[in-house]
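Inside the fold
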Amino acid sequence: MGYDAKFRIWRGDTEGGGLEDYSVQANDGEVVLDIIHRLQATQAPDLAVRWNCKAGKCGSCSAEVNGRPKLLCMTRMSSFTEDEVITVTPMRTFPVIRDLVTDVSFNYQKAREIPAFAPPPDLGPGEYRMKQVDVQRSQEFRKCIECFLCQNTCHVVRDHEENKEAFAGPRYLMRIAELDMHPLDTAERRDTAQNEHGLGFCNITKCCSDVCPEDIKITDNALIPMKERVVDRKYDPLVWLGNKLFRR
Ligand code: SF4
Ligand code: F3S
Ligand code: FES
């Protein structure tokens, strides 16, 4: 049965803005994105929202619902009471373009800074061989839909614009970890993770993992193992001795 849902939505652009109240029809089985679409169709045709699949797979409709990072298409109206005011705001860590749409180019920049997979030069296409266990390890990370909710949530950059240059964020530190775990990757990943991509900023709060709609264990399966590999290299006496000898 339908009811009038109370919504409070951030409207504005690069110049500034504020919250506006709306009352919109909601029906059984709907998600927050359905209500935003009905609002566009009936009251606010100029309301900007980014979306594409409406199935939790494209990663476009990321925003904050009652202050919590969410995919609008996967947030069921049934998770709120009928008299609750539902506040929808754009992701806070990225600059607003308009209304619920943010400029997420920070993430594309960070992706570009990571050197690509580097297989041994003497291996031709079709000659790659990996054990199933190695395939499985990285398969979890490959589920990422690039919604950037983890990047939006991590406290290292959420209210600290000044850290953005030095910190790749959980999604891209996970990418580096994936490459470092790849048995055929020959590039140096550990020192650069620490020194160029800001792995040391992460203090394992796990907020990134908590908001991941794909339920990827970013912290436990990517960031902590990567930290352990960096530490191993630093404190392994043989590596230490090797560094000393070869640096002379
Ligand atoms: Fe989104 Fe999860 Fe990928 Fe982060 S790791 S971008 S939260 S799907
Ligand atoms: Fe940030 Fe996730 Fe580490 S939230 S501090 S990257 S565990
Ligand atoms: Fe594609 Fe929500 S519209 S994830």
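Sequence order as written defines residue numbering, which begins from 1 separately in each chain. In the order they appear in the text, chains get letters beginning with A and ligands get numbers beginning with 1. Only residues with pLDDT of at least 70 are given local features in this predicted model, and only at 80 or more are side-chain atom pairs given and counted; all residues enter the totals for whole chains, interfaces and linings.

Here we come to the domain arrangement of the chain. Taken domain by domain, the chain comprises domain 1 (2–101) and domain 2 (103–246). Here the C-alpha centre of domain 2 lies 32 Å away from the C-alpha centre of domain 1. Three classes are used, and their members are as follows: Ala, Val, Leu, Ile, Met, Phe, Trp, Tyr, Cys and Pro are nonpolar, Asp, Glu, Lys and Arg are charged, and the others, Gly among them, are polar. For the side of domain 1 that touches domain 2, the class distribution of residues is eight nonpolar, four polar and two charged. Domain extents, as shown, originate in an automatic or database domain assignment.

It is worth spelling out the site of ligand 2 at this point. For each residue, a C-beta position is placed from the backbone atoms; the residue is near a molecule or strand when that point lies within 6 Å of it. Neighbouring ligand 2 are Cys154, Val156, Pro170, Cys202, Asn203, Ile204, Thr205, Lys206, Cys207, Cys208, Thr219 and Leu223. Elements represented by at least two residues in the shell around ligand 2 include exactly helix H8 (207–211) and helix H9 (218–235). Looking at the shell around ligand 2 residue by residue, the class counts come to eight nonpolar, three polar and one charged. Runs of E in the DSSP output that reach at least two residues are strands. Runs of H or I that reach at least four are helices, and both are numbered from the N terminus.

Turning next to the site of ligand 1. Surveying the vicinity of ligand 1 reveals 14 residues, the closest of which are Cys144, Cys147, Leu149, Cys150 and Cys212. Of the residues assigned to the shell around ligand 1, the class counts are 11 nonpolar, no polar and three charged.

Another aspect to go through is helix H2 (residues 105–112). With C-beta atoms placed from the backbone, a residue counts as buried when 20 or more other C-beta atoms lie within 10 Å of its own, as exposed when 12 or fewer do, and as partly exposed for counts between those limits. Along H2, the positions that sit buried rather than exposed are Phe106, Asn107 and Lys110. Take H2 and look down its axis: the buried residues cluster within an arc of 95°, on one side only. The outward face of H2, more than 90 degrees from its buried face, is lined by the exposed residues Ser105, Tyr108 and Arg112. Here, residue contact means that the backbone-derived C-beta atoms of the two residues sit within 7 Å. Buried residues along H2 sit in contact with helix H4 (149–153) and helix H6 (170–181). Note: the arc covers the axis-to-C-beta directions of the helix.

With respect to the secondary-structure elements, Ile36 resides in helix H1 (residues 32–42). Distance in space between the C-alpha atoms of Ile36 and Leu47 is 8.5 Å, their sequence separation being 11 residues. If we skip the residues at most four places from it in the chain, Ile36 touches Val49 and Leu72.

Here we come to the pairing of strand S3 (residues 62–65). Strands qualify as paired when DSSP identifies two bridges or more between them. Here S3 runs beside strand S4 (residues 68–71); their pairing, made up of four bridges, is antiparallel. Bridged to Ser62 within S4 is Leu71. In this structure, the hairpin formed by S3 and S4 is closed by a connection of two residues, where Asn66 is found at a positive phi of approximately 50°.

This next bit is on the environment of Glu162. Locating Glu162 in the fold gives a position in the loop between helix H5 (155–158) and H6. Sequence separation between Glu162 and Asp34 is 128 residues, and the spatial gap between their C-alpha atoms is 36 Å.

On to unusual backbone geometry, then. Even without being a glycine, Lys54 presents a positive backbone phi close to 55°. Within the secondary structure, Lys54 is located in the loop between H1 and S3.

Known as pLDDT, the predictor's confidence for each residue is given on a scale from 0 to 100. Per-residue confidence for the chain gives a mean pLDDT of 94, with 94% of residues at or over 70. We note a pTM of 0.92 for the whole complex and an ipTM of 0.99 for its interfaces.

Another point: the nonpolar core. Of all hydrophobic cores here, the largest spans 51 residues; its most connected members are Phe7 and Leu173. Counting residues per element, this core draws most heavily on H6, at six residues. Viewed by domain, this core spans two of them, domain 1 (2–101) and domain 2 (103–246), each represented by three or more residues. Those residues in contact with Leu173 that sit more than four places away from it in its chain are Ala168, Ala193, His197, Leu199, Cys202, Ala222, Leu223 and Met226. By definition, a nonpolar core groups buried Ala, Val, Leu, Ile, Met, Phe, Trp, Tyr and Cys residues that connect through C-beta atoms lying within 7 Å of each other.

Alignment of strand S1 (residues 3–13) against strand S2 (residues 16–26), held across 11 bridges, turns out to be antiparallel. Among the inter-strand pairings, Ala5 is bridged to a residue of S2, identified as Val24.

Once that is clear, we can look at H6. Any helix carries an expected span of 1.5 Å times its number of residues minus one. The terminal C-alpha atoms of H6 lie 16 Å apart, and with 12 residues this matches the ideal 16 Å at 1.5 Å per residue to within 8%. Of all 12 residues in H6, 10 are buried, a share of seventy percent or more. Turning to H6, its buried residues are Pro170, Arg171, Tyr172, Leu173, Met174, Arg175, Ile176, Ala177, Glu178 and Leu179.

Further remarks concern the environment of Val157. Assignment of secondary structure puts Val157 in helix H5. We classify Val157 as buried; it has 24 C-beta atoms within 10 Å. With residues up to four places along the chain from it excluded, the contact list for Val157 reads Thr93, Asn163, Lys164, Phe167 and Gly169.

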